[in-house]
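Listed here are the chains, written in short residue letters.
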Amino acid sequence: MQNIIWDPQHECMPRDEIEQLQLERLQATLNRAYKNVTCYRTKFNERGIVPEDITSLADLAKLPFTTKEDLRLNYPYGMFAVPLREVVRIHSSSGTTGKPTVVGYTKNDLKIWSNLVARFMTAAGVTPDDVVQIAFGYGLFTGAFGLHYGSETIGAAVIPMSGGNTDKQIMIMQDYKSTVLVCTPSYAVNIADRMEKMGIDPKTLSLKVGLFGGEPWSEAMRREIESRLHLSATDNYGLSEVIGPGVAGECRCKCGMHIFEDSFIPEIIDPETCEVLPPGSVGELVLTTISKEAFPMIRYRTRDITSLDYDVCECGRTMVRMKKTMGRSDDMLIIKGVNVFPSQIEEVLVAIEGCEPHYQLVVDRKGAMDTLEVSIEVTEHIFFDEMKKQRAFLEMVEKKIDTVLGVGVAVKLVEPNSLPRNEGKANRVIDRRRL
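The text that follows walks through the structure, step by step, so that each part is easy to find. (Residues numbered from 1 in each chain as written. Predicted model: local features only at pLDDT ≥ 70, side-chain atom pairs only at ≥ 80, totals over all residues. Heavy atoms only, no water.)

## A short note on the overall build of the chain
Okay, so step 1: For the chain, the count of helices and strands is 12 helices and 21 strands.
Okay, so step 2: For the chain, the C-alpha radius of gyration of 22 Å lies close to 22 Å, the compact-globule estimate for 435 residues.
Okay, so step 3: Projected onto its principal axes, the C-alpha coordinates of the chain cover approximately 75 × 55 × 40 Å.
Okay, so step 4: Contacts in the chain between residues far apart in sequence, at least 24 positions, make up 66% of those at least 6 positions apart. (Helix = DSSP H or I, 4+ residues; strand = E, 2+ residues; numbered from the N terminus. Rg over C-alpha atoms; globule rule 2.2 N^0.38 Å. Contact = heavy atoms within 4.5 Å.)

What follows is the structure, encoded as structure tokens:
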């Protein structure tokens, strides 16, 4: 397996050189943010800190965090560090929980973004010979544009298909001979389901690589997608507040996503105490941007739960690897005092024959007690089986989930295709508690 590295000068830097570059870029970023962003100047002044006080990477822990609330309070342009005339692109979040968060890019930011995406796409095996079908929705969402420009930077041909219209997605794959699929992992399963119903053998397609992001997914789901679509499925990570896709991505070793440390400084903190945790600890990922001009983020709390591995990867890249996100610190379900992540349940379900990779968690409160019901699509054979066999299957699933979570759940078996399908992020959790 040939290992191609897009930017070996940076991706393979010795650790001491990475850290020296990070410190230099951090100091420049802090100066620009302090001078040009009122929010940061106020936060620093409240702590009695000036950028010159940060003389080592360890000093980063002295700085205040940035949260999504800061972005909302400074909506729309209050966090920009350059005049609007220097901003050539504006993206934002959906704003489903209030005002959207607005982010901006200068021309240089777009160039850096394109190259960061080209790195993880190259690491996954994308080359100039590929045809990349992007099934993310285009618009204010950063995902589609990030992968689009990364593909063009590599020199691959791009099909900007956008999300939805699954039958047409499949027709385009067949006719245009797409070799790379870009979408959420849940939508990849949706495509596989539809192909199965249409009687299309995935081996007749030209797909070889899948770049999946936008939501947490398990190793079991990776195996499911790879076997059903006959491609190599890789994970990538990003968030619009920090840059979009391009923060991190897997190489073909698939042992963690390389964070591009010449543009981002990662930390892992305890989400409760906010204490910085030692390497290898599981906690909340905090990111500081050190190459962005328009929209610097200092110690941004991502709310994503993961851990960092600083060992050099077999691929030759020296940059730290983050594990797949287990969920979010703020979206994490606490059931009867136990932390529950949907990805844990998914890992169990995908391994059980007869369970479809479509499920929904319903959390409720009866009296003072939390309850968790897991609705699972099962094959017609299971769903229409005699009552005694179906009951035994249901109890087996409940026991396996209980073993993994350490908390009892009620399992409800539902017919194939009865749970809602999403063309973007899957809506896995309905929380009916009034907390």
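What follows continues from the structure just given.
## Some remarks on the sheet that holds strand β21 (residues 429-431)
Okay, so step 1: Read from one edge of the open sheet, 4 strands run β20-β19-β18-β21, paired in mixed fashion. Since the sheet does not close on itself, it has two edges, and those belong to β20 (410-414) and β21, each with one partner. In this sheet, neighbouring strand axes are inclined to one another by 20° on average, regardless of whether the strands run parallel or antiparallel.
Okay, so step 2: As paired elements, strand β19 (residues 369-378) and β20 share 5 bridges and run parallel to each other. (Pairing = 2+ DSSP bridges. Axes fitted to C-alpha atoms, helices over the stretch in contact; angles between N-to-C directions.)

## Some details on the sheet that holds strand β10 (residues 264-269)
Strands belonging to one sheet form pairs held by backbone hydrogen bonds; the direction of such a pair is parallel or antiparallel.
Okay, so step 1: The strand order β10-β11-β12-β15 describes an open sheet built from 4 strands, whose pairing is antiparallel. Since the sheet does not close on itself, it has two edges, and those belong to β10 and β15 (327-328), each with one partner.
Okay, so step 2: Pairing geometry for β10 and strand β11 (residues 283-289), over 6 bridges, is antiparallel. Its bridge partner being in β11, I265 is matched across the sheet by T288.

## Let's talk about the side chain of E11
Okay, so step 1: Assignment of secondary structure puts E11 in helix α1 (residues 8-11).
Okay, so step 2: When its relative accessible area of 1% is taken as the criterion, E11 is described as buried.
Okay, so step 3: In terms of polar contacts, E11 uses its side chain to reach the backbone amide nitrogen of D7, at 2.8 Å.
Okay, so step 4: Side chain to side chain, E11 and R317 meet in a polar contact 2.9 Å long. (Buried < 20%, exposed > 50% of the residue type's maximum accessible area, 1.4 Å probe, protein only. Polar contact = N/O pair within 3.5 Å; in protein donor to acceptor, adjacent residues only side chain to side chain.)

## What about the nonpolar core?
The nonpolar side chains of a soluble globular protein tend to be buried with one another.
Okay, so step 1: Membership of the largest hydrophobic core comes to 67 residues, with the highest contact counts inside it found for M121, V126, L147, L211 and Y237.
Okay, so step 2: Per element, the largest residue contribution to this core is 8 residues, and it comes from helix α5 (residues 107-124).
Okay, so step 3: Discounting chain neighbours no more than four positions away, the residues touching Y237 are G244, P245, G246, V247, A248, M257, L285, L287, T302, D304, M322 and T325.
Okay, so step 4: Counting 25 residues, the second-largest nonpolar core is a separate cluster that includes I335, L394, V411 and L413. (Core = buried A, V, L, I, M, F, W, Y, C linked by side-chain atoms within 4.5 Å.)

## Quick word on a nonpolar patch on the surface
Okay, so step 1: Residues Y77, L84 and I90 make up a contiguous nonpolar surface patch of about 260 Å² in total accessible area.
Okay, so step 2: By secondary structure assignment, the location of I90 is in strand β1 (residues 89-92).
Okay, so step 3: For I90, a relative accessible area of 37% corresponds to the partly exposed category. (Patch = residues over 30% accessible without salt bridge, like charges linked within 9 Å, V, L, I, M, F, W, Y side chains within 5 Å. Areas by Shrake-Rupley, 256 points an atom, 1.4 Å probe, with all protein chains shown as cover. Salt bridge = Lys/Arg side-chain N within 4 Å of Asp/Glu carboxyl O.)

## Considerations on unusual backbone geometry
Okay, so step 1: With an omega dihedral of -5°, the bond running from Y75 to P76 counts as a cis peptide bond.
Okay, so step 2: Residue placement: P76 occurs in the loop between α4 (68-73) and β1.
Okay, so step 3: The phi torsion at N165 lies on the positive side, around 55°, for a residue other than glycine.
Okay, so step 4: Topologically, N165 is positioned in the loop between β4 (157-159) and α7 (166-176).
Okay, so step 5: Residue classification places N165 among the partly exposed residues on the basis of a relative accessible area of 46%.

## Things to note about the pairing of strand β18 (residues 355-366)
Okay, so step 1: Bridge count between β18 and β19: 9 bridges; the pairing is antiparallel. If you follow V362 over to β19, its bridge partner there is E373.
Okay, so step 2: Of the strand pairs in this sheet, β18 and β21 are connected by 3 bridges, and their pairing is parallel. Among the inter-strand pairings, V362 is bridged to a residue of β21, identified as I430.

## Section: the pattern of salt bridges
Okay, so step 1: Evaluated as defined, the whole model comprises 25 salt bridges.
Okay, so step 2: Residues K68 and E241 are paired through a salt bridge, measuring 3.0 Å at the closest nitrogen-oxygen approach. In this pair, K68 sits in helix α4 while E241 sits in the loop between β7 (232-239) and β8 (244-250), placing the two residues 173 residues apart along the sequence.
Okay, so step 3: Residue K68 is classed as partly exposed on the basis of its relative accessible area, which comes to 29%.
Okay, so step 4: Accessibility expressed as a relative area gives 5% for E241, which makes it buried.
Okay, so step 5: What emerges from the salt-bridge pattern is a single network uniting D193, E196, E224 and R228.

## Quick word on the packing of α7 against helix α8 (residues 185-198)
Okay, so step 1: Direction vectors running N to C along α7 and α8 enclose 80°, while the axes themselves pass 10 Å from each other. The angle between α7 and α8 places the two elements in the roughly perpendicular class. Residues T166, D167, Q169, I170 and M173 of α7 lie in contact with α8, whose contacting residues are Y187, I191, R194, M195 and M198. (Parallel < 35°, antiparallel > 145°, perpendicular 65-115°, else oblique.)

## Examining the packing of aromatic side chains
Okay, so step 1: On inspection of all chains with the given rule, the structure shows 9 aromatic pairs.
Okay, so step 2: Between F136 and F141, the ring centres sit 5.5 Å apart and the planes meet at 75°, which makes this aromatic pair edge-to-face.
Okay, so step 3: Judged by centre distance (5.2 Å) and plane angle (75°), the ring pair of Y138 and F145 falls under edge-to-face.
Okay, so step 4: Residue classification places Y138 among the partly exposed positions, given a relative accessible area of 26%. (Phe/Tyr/Trp six-rings, centres within 6.5 Å; stacked < 30°, edge-to-face > 60°.)

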